[in-house]
Each structure stands twice: as C-alpha cells, then as structure tokens.
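Each chain, written out:
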Amino acid sequence: MTYDLVALLDHRPSTDDLLAGLAAAGPDLGVRAVSSGAVIQLCDENGEPLVSIEIPLLIQVPGEVERMLGPSVGVVETPAWWVEIRAAAVDGAREVAEKYAAGLVARLGGRVWTPNGVETPVAGKSEN
C-alpha cells in the first residue's frame, strides 16, 4: 500500500526549490518525468520508482484544504501550495518521501500532512 503525504507550502515553489527538495531526498536517486511532466518520480538504482511527486497546485479558496484533508489539518491560510507526494510500498520509500517534503517546508515554510497527522518537519530530519 502506498504512503501519501501532502506538503502544504506557504510560498510558491520555484524550480530551484523543487530541485533542492530532490537533492534533500537523496543525491543517489534517479529522477524521471511521467504523465507528460505532471509527475516526477524519484527512482532507485534499478530505475524502480520510490516516490511520485505531482506538480504543485495553488489552493486559493479558504477552507478548501481543511475540507479535503479533514479537521486534523487545522486552519490553513490561503493561498497555499499543495504538493502531493506518494511513496511506493517498498523499503525506504517512505523515508525518501518524508525527506523531500521536509526539504520543501524548510525552504518555503508550511507543514506536512500525513495519514498520522500534521507535522512541521525539522530541516534535515525525517519525521515518522
């Protein structure tokens, strides 16, 4: 079963921010675009996808994040940038996804929603 998380960012991610997140996730990972570039995958040394990252979406409607993720997310100020991150059901994929999300939040502010609740990751540290 996949492990899904959402990085809820305070600022619009630039290409440099997204690339920094990829580097934070692991320098030895391969990167490929799928779905005509709408999804980026981080891959292991065999080219198998570990994590899929969708393009950032701008959420402008107040209350929309709370409606989609439930009340446990708390109040999310809009506009906010939504980056959906999905880890494959393989060893190490969850940690790669968490490092990527933490790298984005460290650069842009915000928080990470996981099935276990909302976290504000510490830069360089993977949260469980």
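Description of the structure in this document. (Residues numbered from 1 in each chain as written. Predicted model: local features only at pLDDT ≥ 70, side-chain atom pairs only at ≥ 80, totals over all residues. Heavy atoms only, no water.)

Focus on the packing of aromatic side chains
The tally for this structure, following the rule as stated, stands at 0 aromatic pairs. The positively charged end of Arg94 is found above the aromatic ring belonging to Tyr3, 4.2 Å away from the centroid. (Phe/Tyr/Trp six-rings, centres within 6.5 Å; stacked < 30°, edge-to-face > 60°. Lys NZ or Arg CZ within 6 Å of the ring centre and 35° of its normal.)

Details of the pairing of strand E7 (residues 110-114)
Side-chain direction in a regular strand flips from residue to residue, so the side chains alternate between the two faces of the sheet. Taken together, the 4 bridges between strand E1 (residues 3-9) and E7 define a ladder with antiparallel strand orientation. Among the inter-strand pairings, Ala7 is bridged to a residue of E7, identified as Val112. Hairpin remark: E7 followed by strand E8 (residues 117-119), antiparallel, with 2 residues in the connecting loop. (Pairing = 2+ DSSP bridges. Helix = DSSP H or I, 4+ residues; strand = E, 2+ residues; numbered from the N terminus.)

Some words on the packing of helix H1 (residues 15-25) against helix H3 (residues 93-108)
Where H1 meets H3, the closest approach of the two axes is 8 Å, and the angle between their N-to-C directions is 140 degrees. It follows from the interaxial angle that H1 and H3 lie oblique. Crossing angle aside, the handedness with which H1 passes H3 is right-handed. Listed contacts from H3 to Asp16, Asp17, Leu18, Ala20, Gly21, Leu22, Ala24 and Ala25 of H1 are Val96, Lys99, Tyr100, Gly103, Leu104, Arg107 and Leu108. Taken together, the residues of the contact of H1 with H3 break down into 9 nonpolar, 2 polar and 4 charged. (Axes fitted to C-alpha atoms, helices over the stretch in contact; angles between N-to-C directions. Parallel < 35°, antiparallel > 145°, perpendicular 65-115°, else oblique. Left-handed = near helix turned anticlockwise from the far one by under 90°. Contact = heavy atoms within 4.5 Å. Nonpolar A, V, L, I, M, F, W, Y, C, P; charged D, E, K, R; others polar.)

Quick notes on the nonpolar core
Ranked by internal contacts, the top residues of the largest apolar core, which has 23 residues, are Leu9, Val51, Ile53, Val83, Ile85 and Tyr100. Taken together, the elements giving at least two residues each to this core come down to E1, H1, strand E4 (49-54), strand E6 (80-87) and H3. Residue contributions to this core peak at 8 residues, all from H3. Every residue in contact with Val83, bar those within four places of it in the chain, is listed here: Leu5, Val6, Ala7, Leu9, Ile53, Glu54, Pro56, Tyr100 and Leu104. Val6, Leu8, Ile59 and Leu69 belong to the second-largest nonpolar core, a separate cluster that totals 10 residues. (Core = buried A, V, L, I, M, F, W, Y, C linked by side-chain atoms within 4.5 Å. Buried < 20%, exposed > 50% of the residue type's maximum accessible area, 1.4 Å probe, protein only.)

Considerations on unusual backbone geometry
Residue Pro79 follows Thr78 across a cis peptide bond; omega there is 5 degrees. Tracing the backbone through its elements, the reader meets Pro79 in the loop between helix H2 (64-69) and E6. The phi angle at Ser35 is positive, at roughly 55 degrees, despite the residue not being glycine. For Ser35, the position within the fold is in the loop between strand E2 (30-34) and strand E3 (39-43). Judged by relative accessible area, which is 53%, Ser35 ranks as exposed.

Section: the pattern of salt bridges
Scanning the model with the defined rule gives 6 salt bridges in all. Residue Arg86 pairs with Asp4 through a salt bridge whose shortest N-O separation is 2.9 Å. Here the residue Arg86 occupies a position in strand E6, and Asp4 occupies one in strand E1, the gap between them amounting to 82 residues. On the basis of relative accessible area, Asp4 is assigned to the partly exposed category, the value being 25%. Among the salt bridges present, the one from Glu64 reaches Arg67, with a minimum N-O distance of 2.7 Å. Here Arg67 and Glu64 lie together in helix H2, a separation of 3 residues that amounts to about one turn. (Salt bridge = Lys/Arg side-chain N within 4 Å of Asp/Glu carboxyl O.)

Purely spatial values, then, with no claim about function.
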